[in-house]
Amino acid sequence: MSVETVDRVAAVTSGRPSTPLQTSWFEFLLDGSLLENHLQKSYPDPTPVQLIIQFLEQASKPSVNEQNQVQPPADNRRNRTLKLLALKVAAHMKWDLDALEKGLTIPVLNMLLNELLCVSKVPPGVKHVDLDLSTLPPTTAMAVIIYNRWAIRTIVLSSFPEKQTKPGPHQMNMLSIVQQEKEMTENILTVLKEQATDSISVLEGALQLKKDFYVHTLRTLDLLAADAAANGETESSTAGLRISADELHCQVNYDLGGIFFQQGCTDQTAYEKARDHFRQTKELFTKLDSTIHVHLDEKRLAGYWNACKALTEDCDPSDTQNTPYNQINSLIRAHNHQAVIEAFIKDNMCRSLPNNFRRSVLREFLYKVQQGESSLDEVCYKLCVCNAVRDALEGEVLSVRFHQLLLKPSKKMVDFILDVCTLSLGKDRPSESSRRNMATFMKTLCETLQELPLLMGVSSHKLFVELLKEEDRKVLVEQLRKRSATINLSAKPLPSFYDIPASSSVSIGQLEQQLILSLEPRRIRQILIELHGMAERPFWRVNSKWEAPKDYINVILGIKDNLTKDLVYIFMAKGLHCISIKDFPHARQLYSACLELVTEFSPKLRQVMLNEMLLLEVRAHETMAAEGSKERPPSDLVSRVRGYLEMRIHDLPLRQVVGEECVAFMLNWRENDYLTLQVPPSLVMNNPYIKIGQLLASTCKELPGPKECRRTAKELWDVVVQICSMSVQHKRNNDGRVGLIKQRESSLGILQRSKFITFIKKLREPLVLTTLISLFVKFHSIVRDDIVNEVTAEHLTIWPSTLLNIQAVDVEAVAVTVKELVSYALTLNPNNQSWLITQADIYFVTNQYSAALNLYLQAGAVCSDFFTKTVAPDIYSDQVLKRMIKCCSMMNCHTQVAVLCQFLREVDYMTAFKALQEQNSHDAMDSFYDYIWDVTILEYLTHIHHKRGETEKRQIAIKAIGQTELNTSNPEEVLLLAAQKRKKRFLQAMAKLYF
C-alpha cells in the first residue's frame, strides 16, 4: 500500500474532522473529466500553476533501466497524457503569460511552451523566422507567436535586478537542486538572447497579419488527444478561442516596446522603435471594446511612454496628455532653464511633481556642471532652493545641499529664496499647515544666516511679518538686536475677523450665526440677551461642535438661570476651542469673563475656572517653549501649579488633564527639587502622574552620579514594567490542562499604557526623554532577548538587567512604545545624536537597512557640521560602523562596504575583500575608489580587476594608489591627514546619496 493510500485510509477512519484532501496529480490520469471540474472551482487546490508543475515534473522524470543506468523520460502514453494535461491547464488560463510567468520558473515554462509548439504541429527543425505565419493553421501560428512573446518578455524580465535568497541551514541539502535550476535558467536565457532578433522579426511579421487568430482551448486539445485532427477540425479557422487582430496587435506591440526599450541602453535608435510600438499599444488599447485577452500594466505603459518621449525628445502634437513630466523634459531639451525654475516654483503650489523626480532633475544639472558646464551653477542653486521650499511646505527635513548653500549666502540668493517662498504660498489663502511650515522655514533661515545685512532683508520682508507670531518675532528681534542695534521690526496688528456689528432688526438665525462666529465676551453676552428676549430655549446647543469638559457638565447644567447657563457653557466651549487652535489671547478674554460671571454665585465653579485658566497659561507657555522660546515661566505660574497639585477641595470636579499637564510642566522646567523633596507624600500615593513625575525627577537628578543601578531608577523601572504588563489569569481547558489568559489592558500598573504614552508626549525636557528612552530600550532588549541585535541608548547601566515575571510583559506594547517614544523625541529635536543613533538601531534590528543608514549618517552629520569636522568616536563607534557596513551590504552596495571597513579601529580586510569580490554591486563602484586610503585594499582592487580583465577600473585603482600622500613612507601625520580628508569626502558623498 502506497504512502498516499495510507494517508487517505487514515483520514477516512479517523473520527476527527479534517480539512478537504488535496487532489493528487495521478487522479487526473484516472478520471478524464476530473480536471475540468477541478478548474471550475472557486479556489482549486492544487492551483492551476501548481498542477502544471506537478504534471510536467512527473512527465519529465528520468527512468532507470535494468543496468541501473539513468535514461531520458520515456515517450509513452502516460507522459504524453501528463503533458497534455499541463497544456489544458494553461488553456484554461487562456495562455495568460503574466499569470504563467508569476507561477512558473523559466525552465518549466520553456518546457510547457515547447510542448505547445509540438502539439500545434509547428514544423520541427525550421527556424520560426523562416515560417510564413499567414500560411500556417491559426492555432499553429498562434503557438509560434506565444512562444516568441514569452522569449522577449523573459529577456526583459531577466534584466531587472533580483535579490538572491540566501539558503539557511535547513536548506543546505537543496543547494544542488537550486544550482541545477539556476544553470538551466542561464542556459535557456543564453539561447533566448541569441535568438532575440529572430523572435522580434516573428512578432513584427505577426503585426502585418490583419486576420483574427485562434488559440488552443481544452476542447481542441481533447480533439488532438483523440486523434481527431485527421478531419481537420483543430486546424480550421474556427477551432479554438478567437483572439481579434486588434487585441493581439495591442499585446504584441506592448511586448515589442518592452524589448526595444531594454535594448535602448546600448542602441539609442531602439528607444524610437519602443516609442512607436507603445504609441500603437495606446491607440489600440483605447480603441478596443473588450480587453479580456490583453494583459498589460497601464501604469507601466504610461511610464514607458513618458520615458520614451523624454529619451527621444519627441513632442507629439496628437498626445493630449501633456503631463508635467513632459513639460519639464521639453523645457530641459530646449535649454529653457528659466522656465524650468518657474515650473518648479509653480509646482510648489500644486505639488503635482513627486519629490524624487524634482531631485533627479537637480542631479541631472549637477552632473552637467561636473562635466564642465559651469554656466549652469546658478540654475542648480535655484532648483535646490525650489526643492528646499517644497520640502519646507511639506514639513520635510531640508537637504544637505541646501544647508551647504546657506554656508556661503549672497544677497541675490536670499532675495531669490524669499521670492520663491512668497510665490509658493500663492495668492489664494494657503492652508494653515503650509503657513505654519513656511513660518518654521523663515525662522530656520534667520537662525542660519550670519551676515547682518542678509538678516535684515529677511526680517523686514512682508512674508516674515505675516507668518510669524508676535512672540516669535520678539524672540528673533532680540537675537538680532544683539548683533545690531539698528534693526527695528514692527508690524501693525491685524484687524479681528470676529468684529461683526449687531443690528436691532435681525432674525434669530442671523443672531445665532453671529453667536457662533463671535469671540468677544461682551458681544456674546449682548447677542444672548437679545436671543433670550426673542425665544426661550437653550442656546448653548446652537453649535453641535461646542463642547464643555464632561467633568463639568453636571455643574454647568445645574445652573438655574438659563441665560447664565448659556453664557458659562459658551464661554468655556469657545475658550477650549481657542486653546486648541493656540489662540490664547481670545481664550484668556473668554475665561476671564466666565470667571467674573461665576464668582458672583458659585465658589465651586469659580475654582473650576481658576483651574482651567491655570491650564490655559501652562499650555500657552509650553507652546511658546515648543516654538523656540527660552524664557522661563514666571514664578507666579510655578507657584500656581504647585498650589493646584497640593489642592484638596471636597466635592470639586477635577479634570485629569490639568494635573497631568501640571506635572509635565514641572518636569519640562526642571522643577526637580519640588517633585523630589517638597511634594506631600499623600499626593504621591494618590496621584499616578505625581508618582511618575517624582520618580523621573529623582532619576534625572542622580544621573551624573556613579553608573550603578540606583534605588530611584529601580522604582521607576518597576512602575513602568507594571504599566506594560498584562494581567495573567489561569483557566483549566477542556482536556484538564491549565492554560494562561493574558489581558492587554492590565490593572496592575498605576496607569494604563495609553494614558502613560499620552503623558510622555507632553514632555519635552531632553534629559527626561533621554531617561525614558534609555529605560524602554533596556526593557525592550530584555524582552527581545537578542544579544546580537541590541538597540543602544545612553545610561543603560542604571537599569536592572533581568525581569522576574517576563511572561506577563506585553512584548508588542513595549516594542510599539519604544518606536513611538523615539519618534516623538526626534520631532522635538531632530538633531539629538543619541536619539538618532537609537532610532537608527531600531530600524536596523527590524531589517529596514536604508532608513537605518540614513539616520546613522544624520547622527554623524549633526555632530560634525555636515562632515566638515571629524565625527566623534563615541558617535561612530565600531558597533555603529559595523552596522553601517551591514546596511550597505544588505543593499548590495559593496564598494561602500569596502570603504567603511577602513573606518574601524582595526581595518576589516576580510569583509572588505569579500565585498570587492561581488560583481553585482548597486553603488557607483569605481567612483568610490578615490575615498580609499588603505593601500592593501587598493592593491587588492588592482589585482581583482586585472584578474577579471577590467582594464579601465584597474587603471582607476592604480591612479588612486599612485597618489603621493598615500605613500607608506610618508610620516604618520601625513597619512592620518590623507585618511581624514577621504573620510570627510566619503561621508559627504554618502549624505548626498541617502538624504
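In what follows, the structure referred to is the one given above.
Given the structure is predicted, the values throughout are model-derived calculations rather than measurements.

### Regarding the overall build of the protein chain
Counting its secondary structure elements, the protein chain contains 47 helices and six strands. Taken across its 995 residues, the protein chain has 47% of its residues classed as buried. Contacts in the protein chain between residues at least 24 apart in sequence constitute 66% of all its contacts with a sequence separation of at least 6.

### A short note on the nonpolar core
Side chains of a nonpolar character, in soluble globular proteins, are inclined to be buried together. The biggest cluster of nonpolar side chains holds 166 residues, and the ones touching the most others in it are Phe-776, Phe-779 and Tyr-876. When sequence neighbours within four positions are dropped, the list of residues in contact with Tyr-876 reads Tyr-856, Leu-857, Gly-860, Phe-867, Val-871, Leu-881, Met-884 and Leu-987. Formed by 77 residues, the second largest nonpolar core is a distinct cluster that contains Leu-85, Ile-145, Val-202 and Leu-288.

### Looking at the packing of aromatic side chains
With the rule as written, the count across this model stands at 21 aromatic pairs. The lysine or arginine in question, Lys-382, covers the ring of Phe-416, its NZ or CZ lying 5.1 Å from the ring centre. It is Lys-983 that lies over the ring of Phe-903; its NZ or CZ is 5.4 Å from the centre.

### Quick look at the side chain of Thr-895
Relative to the elements of secondary structure, Thr-895 occurs in helix α43 (residues 894–901). Judged by relative accessible area, which is 4%, Thr-895 ranks as buried. When sequence neighbours within four positions are dropped, the list of residues in contact with Thr-895 reads Ser-921, Asp-923, Met-925, Phe-928 and Tyr-929.

### Some words on empty space enclosed by the protein
As enumerated under the stated definition, the model contains five cavities of 30 Å³ or more in all. In terms of lining residues, the largest cavity is bounded by 17 residues, among which Lys-94, Trp-95, Arg-149, His-293 and His-295 are the most central. Residues of the lining of the largest cavity, tallied by class, amount to nine nonpolar, three polar and five charged.

### Here we look at unusual backbone geometry
A positive phi angle is found at Asn-847, which is not glycine, with a value near 65 degrees. Within the secondary structure, Asn-847 sits in the loop between α40 (833–845) and α41 (849–862). Its identity is not glycine, yet Asn-892 carries a phi of approximately 60 degrees, on the positive side. Assignment of secondary structure puts Asn-892 in the loop between α42 (878–890) and α43.

### Topic: helix α5 (residues 77–92)
The end-to-end C-alpha distance of α5 is 22 Å, a good match for the 22 Å that 16 residues give at a rise of 1.5 Å each. Along α5, the positions that sit buried rather than exposed are Asn-79, Leu-82, Leu-84, Leu-85, Ala-86, Leu-87, Lys-88, Val-89, Ala-90 and Ala-91. One or two positions beyond α5, positive phi appears at Lys-94, with a value near 60 degrees.

### Some remarks on the pattern of salt bridges
This model, assessed by the stated rule, comprises 34 salt bridges. Between Glu-512 and Arg-537 there is a salt bridge; the shortest N-O distance is 2.5 Å. On the criterion of sequence distance, the pair formed by Glu-512 in helix α25 (residues 508–517) and Arg-537 in the loop between α26 (521–534) and α27 (553–557) is long-range, its members being 25 residues apart. Take Glu-512: its relative accessible area is 15%, and that puts it in the buried class. Residue Glu-671 is joined to Arg-642 by a salt bridge in which the shortest nitrogen-to-oxygen separation is 3.4 Å. With Glu-671 in the loop between α32 (656–668) and α33 (672–678) and Arg-642 in helix α31 (residues 635–646), the pair connects residues that are 29 residues apart, well separated along the chain. Its relative accessible area of 15% is what places Glu-671 among the buried residues. Through salt bridges with shared partners, a single ionic network connects Asp-98, Glu-101, Arg-149, Arg-153 and Asp-255.

The rules behind the values
Residues numbered from 1 in each chain as written. Predicted model: local features only at pLDDT ≥ 70, side-chain atom pairs only at ≥ 80, totals over all residues. Heavy atoms only, no water. Helix = DSSP H or I, 4+ residues; strand = E, 2+ residues; numbered from the N terminus. Buried < 20%, exposed > 50% of the residue type's maximum accessible area, 1.4 Å probe, protein only. Contact = heavy atoms within 4.5 Å. Core = buried A, V, L, I, M, F, W, Y, C linked by side-chain atoms within 4.5 Å. Phe/Tyr/Trp six-rings, centres within 6.5 Å; stacked < 30°, edge-to-face > 60°. Lys NZ or Arg CZ within 6 Å of the ring centre and 35° of its normal. 1 Å grid on protein atoms, 1.4 Å probe; cavity = no way out; pocket = protein on both sides within 12 Å on 5 of 7 lines; lining within 4 Å. Points joined across faces, edges and corners; volume = space filled by probe spheres on them. Nonpolar A, V, L, I, M, F, W, Y, C, P; charged D, E, K, R; others polar. Expected span 1.5 Å × (residues − 1). Salt bridge = Lys/Arg side-chain N within 4 Å of Asp/Glu carboxyl O.

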